[in-house]
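# Analysis of the macromolecular model
Residue-level listing of the chains:
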Amino acid sequence: MNSPISNTLAPETLAVRAGQERSQFGEHAEALYLTSSFVFENAAQAAARFSGEEEGNVYARFSNPTTSMFEARLSALEGAEDCIATASGMSAIMALCLAHVQAGEHIVAANGLFGASTQLFNNILSRCGIVTTTVDATDPDAWGAAIRPGKTRLFFLETPTNPLTQIADIAALSRIAHAQDILVAVDNSFCTPILQKPLQLGADFSVYSATKYLDGQGRVLGGAVCGAKKLTDEVFKYLRTAGPSLSAFNAWVLLKGLETLKLRIEAQSANALQLARWLEAHPKIVKVWHPDLASHPQHALAARQQTRGGGIVSFEVKGAKEAAWQVVDACKLLSITANLGDVKTTITHPATTTHGRLTPEDRALAGISDGLLRISAGLEAVQDVKADLERGLSMI
Ligand SMILES: Cc1ncc(COP(=O)(O)O)c(C=O)c1O
């Protein structure tokens, strides 16, 4: 029994209803199909399924009904024709790049990307003969100047960036790229389709670490690539052969995560902004980054492109690494962990954790100083989070 849902419904409706395929048992919640393979009625059906002549599940590396429900729900929220789920955010980025970029071709990427994404471009894709040039995410002219005619195949950006929440102009970069037949991929992990819809702004792909806000409760790894079917088909071919597929269990957890996504991310954005305003007025702080602050360098663009600033606040304390570590170590409530997007507020020292493998030069290029701390606002009362931070800040 299926429940057909129109993708024109409001996001909060799609988040709880879209994509569900009920079995003959009429279960109310989405079913978890923990099976690695699927049986066929006869040899002819097996052959037809394998050749693609008949639609249907074959083997969980290719597809699984629970994973398909997650993909359909995320597609509906994103306004995408299709979505391919992957085992993690990094495997989503890897799958997208290897599906669409070949040896000898070129990628232009933002220089403030999540650390592992930069590593992937510089140290792994480079070994496959794919060269990447990094540019300032906020300067469209730099992207245009970095194009190698006939060679550049992909613009890869993240907006807002991690951890400095720099905003790239998705519409402007898409226009520049499309004029030369270059694809545009946006890592939308920070905003989710609730706050920003990259495809509507002109991008070809919206890519996720579903591990972040889509799960939202720090339970599972996951990733996704959303876009037009003719483009995601290539990602699917890579996935079914190379195998970084999302497990059905993780897909089921992520389906449940999507149901509360809008409530969570809006509340977390509001909490982050309250914290950002408090930090901005704090005497021990050098600078604060949150897209909803009037002082944010791309505040106007963020207001145009996103419905809210998101749950990430970064700030630089007076006194570099020693002081930053003091603030982290004084926390009794906040979790000292690299994950973000969780309902529990987390605190990270990017220079020695998420961005610790970058060379000092790359870190400086990304604007990550030793005094920088990143907070991912959760759902606790803001006064309790402030009190936890104040303990360390008062010691500086
Ligand atoms: C913006 C961004 N993209 C991608 C990733 C990688 O995702 P995953 O850890 O799910 O592989 C992360 C992880 O923190 C991230 O913050």
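Quick summary incoming for the structure in this document. (Residues numbered from 1 in each chain as written. Predicted model: local features only at pLDDT ≥ 70, side-chain atom pairs only at ≥ 80, totals over all residues. Heavy atoms only, no water.)

### Looking at the packing of helix 13 (residues 320–330) against helix 15 (residues 382–393)
Running from N to C, helix 13 and helix 15 point in directions that differ by 135 degrees, and their axes come no closer than 7 Å. The pairing of helix 13 with helix 15 is recorded here as oblique in orientation. For the pair helix 13 and helix 15, the crossing hand works out as right-handed. Packed against helix 13, whose contacting residues are Q326, V327 and A330, the element helix 15 presents D388, L389, R391, G392 and L393 at the interface. Classifying every residue of the contact of helix 13 with helix 15 by side-chain character gives four nonpolar, two polar and two charged. (Axes fitted to C-alpha atoms, helices over the stretch in contact; angles between N-to-C directions. Helix = DSSP H or I, 4+ residues; strand = E, 2+ residues; numbered from the N terminus. Parallel < 35°, antiparallel > 145°, perpendicular 65-115°, else oblique. Left-handed = near helix turned anticlockwise from the far one by under 90°. Contact = heavy atoms within 4.5 Å. Nonpolar A, V, L, I, M, F, W, Y, C, P; charged D, E, K, R; others polar.)

### Examining the site of the ligand
Taken together, 13 residues surround the ligand, and among them G89, D187, S209, T211 and K212 come closest. Backbone polar atom of G89 to an oxygen atom of the ligand: 2.8 Å apart, as the coordinates give it. A distance of 2.6 Å separates a nitrogen atom of the ligand from a polar side-chain atom of D187. A total of 390 Å² of accessible area belongs to the ligand in isolation, and the protein chains cover 91% of it. Placement of the ligand is best described as lying within the second largest pocket. Its residues assigned to classes, the shell around the ligand shows three nonpolar, seven polar and three charged. (Near = heavy atom within 4 Å. Polar contact = N/O pair within 3.5 Å; in protein donor to acceptor, adjacent residues only side chain to side chain. Areas by Shrake-Rupley, 256 points an atom, 1.4 Å probe, with all protein chains shown as cover. 1 Å grid on protein atoms, 1.4 Å probe; cavity = no way out; pocket = protein on both sides within 12 Å on 5 of 7 lines; lining within 4 Å. Sits in = over half its atoms within 2 Å of the grid points.)

### Topic: the pairing of strand 2 (residues 106–110)
Consecutive residues of a regular strand have side chains that alternate between opposite faces of the sheet. Most of strand 2 is tucked away: five of the five residues are buried. Side chains H106, V108 and A110 of strand 2 all project onto a buried face; the interleaved residues I107 and A109 project onto the opposite face, where all are buried too. Here strand 2 pairs with strand 3 (residues 131–135) via five bridges, running parallel. Paired with A110 across the strands is V135, a residue of strand 3. In the classification by handedness, the crossover that spans strand 2, the intervening helix 5 (residues 115–124) and the parallel strand 3 is right-handed. As defined by bridge partners, strand 2 adjoins strand 4 (residues 152–158) across four bridges and the pair is classed as parallel. Across the sheet, residue V108 finds its bridge partner in strand 4, namely F155. (Buried < 20%, exposed > 50% of the residue type's maximum accessible area, 1.4 Å probe, protein only. Pairing = 2+ DSSP bridges. Right-handed = clockwise from strand over helix to strand, strands pointing away.)

### Re the sheet that holds strand 1 (residues 82–86)
Remark on secondary structure: sheet strands pair via backbone hydrogen bonds, oriented parallel or antiparallel. Across the sheet, seven strands lie side by side as 1-7-6-5-4-2-3; this open sheet has mixed pairing. Of all the strands in the sheet, the pair left with one neighbour each is strand 1 and strand 3. Strand-to-strand twist in this sheet, taken as the mean axis angle between neighbours without regard to direction, amounts to 20 degrees.

### As for a nonpolar patch on the surface
Together, L32, L34 and F249 give the surface a local cluster of nonpolar side chains, amounting to about 290 Å² of exposed area. Locating L32 in the fold gives a position in the loop between helix 1 (11–17) and helix 2 (43–51). Owing to a relative accessible area of 31%, L32 belongs among the partly exposed residues under this scheme. (Patch = residues over 30% accessible without salt bridge, like charges linked within 9 Å, V, L, I, M, F, W, Y side chains within 5 Å. Salt bridge = Lys/Arg side-chain N within 4 Å of Asp/Glu carboxyl O.)

That's the geometry; what it means functionally is another story.
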